[in-house]
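Structural overview
This is what each chain is made of:
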Amino acid sequence: MSLANPKSQQAILESVAQEHIKDDLPRMDIGDTIQVHVRIVEGERERTQVYTGVLISRKGRGINETITVRRVVDDIGIERTWPINSPLIAKFAVVRRSDARRAKLYYLRDRVGKKRRLRDRRRGMKHVEGLKTVQK
């Protein structure tokens, strides 16, 4: 199928992808500590595993948008990248909001100990007041 106008091709692709884009996402900013609830299929059983870490990167847009979440286990940093609109992800939950002044937090890879912490966002940032976080 050959279309003369490439703009119309893009419009067709976006309309097809629009059906699969999730619309129930919480507001997740760079630096927030989030929980990613991942569906894992083991044989015939399906279970949900929670991956908690700091959101250090967002890339792409639309159906191709991905996030990178970093967590530290036994002093070893682990980063995982997920497509936001993947059907394997049950839900996202924001645990803690942090103040980040950069779009990508790759510098956290070099930090060790208390220097790894991010400043909490409760200090007078009005644009996030009232947004829900997970209460334990």
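Computed from a predicted model, the values in this text were never measured in an experiment. (Residues numbered from 1 in each chain as written. Predicted model: local features only at pLDDT ≥ 70, side-chain atom pairs only at ≥ 80, totals over all residues. Heavy atoms only, no water.)

1. Brief notes about the packing of aromatic side chains
Aromatic ring pairs are reported here in terms of the distance separating the ring centres and the angle at which the planes meet. Considering all chains together, one arrives at one aromatic pair under this definition. Here Y51 and W82 contribute two aromatic rings whose centre-to-centre distance is 5.0 Å and whose plane-to-plane angle is 75°, an arrangement assigned as edge-to-face. With a gap of 31 residues between them, Y51 in strand β2 (residues 45-59) and W82 in strand β4 (residues 76-83) connect regions that are remote in the sequence. Relative accessible area serves as the criterion here: at 7%, Y51 is assigned to the buried category. (Phe/Tyr/Trp six-rings, centres within 6.5 Å; stacked < 30°, edge-to-face > 60°. Helix = DSSP H or I, 4+ residues; strand = E, 2+ residues; numbered from the N terminus. Buried < 20%, exposed > 50% of the residue type's maximum accessible area, 1.4 Å probe, protein only.)

2. A short note on a nonpolar patch on the surface
Taken together, the side chains of V73, I76 and I78 define a hydrophobic patch exposed on the protein surface, amounting to about 230 Å² of accessible area. Mapped onto the fold, V73 is located in strand β3 (residues 66-73). Here V73 falls in the partly exposed class, since its relative accessible area comes to 31%. (Patch = residues over 30% accessible without salt bridge, like charges linked within 9 Å, V, L, I, M, F, W, Y side chains within 5 Å. Areas by Shrake-Rupley, 256 points an atom, 1.4 Å probe, with all protein chains shown as cover. Salt bridge = Lys/Arg side-chain N within 4 Å of Asp/Glu carboxyl O.)

3. Details of unusual backbone geometry
The phi torsion at D74 lies on the positive side, around 55°, for a residue other than glycine. Here D74 lies in the loop between β3 and β4.

4. Regarding the side chain of R70
Structurally, the position occupied by R70 is in strand β3. Judged by relative accessible area, which is 13%, R70 ranks as buried. Among the polar contacts made by the side chain of R70, one reaches the side chain of E79 at a distance of 3.0 Å. Apart from the residues lying within four places of it in its own chain, the contact partners of R70 are G53, V54, I56, G77, I78, E79, L108 and R109. (Polar contact = N/O pair within 3.5 Å; in protein donor to acceptor, adjacent residues only side chain to side chain. Contact = heavy atoms within 4.5 Å.)

5. Side note on the sheet that holds β4
Taken in spatial order, the five strands make up an open sheet running β4-β3-β2-β1-β5, and their pairing is antiparallel. Only two strands of the sheet have a single neighbouring strand rather than two, namely β4 and β5 (89-96). Neighbour to neighbour, the strand axes of the sheet diverge by 40° on average, direction disregarded. As paired elements, β2 and β3 share five bridges and run antiparallel to each other. By the bridge assignment for β3, L55 is matched with V69. (Pairing = 2+ DSSP bridges. Axes fitted to C-alpha atoms, helices over the stretch in contact; angles between N-to-C directions.)

6. Topic: the environment of V54
With respect to the element layout, V54 can be found in strand β2. V54 sits 14 residues away from T68 along the chain, and the two C-alpha atoms are 8.4 Å apart. Excluding anything up to four places from it in sequence, V54 contacts G31, D32, T33, T68, V69, R70, L108 and L118.

7. So, the pairing of strand β1 (residues 33-42)
Where β1 and β2 come together, 10 bridges link them in antiparallel fashion. Bridge pairing links Q35 to T52 in β2. In terms of strand pairing, β1 meets β5 through six bridges, oriented antiparallel. The residue of β5 that forms the bridge with V38 is I89.

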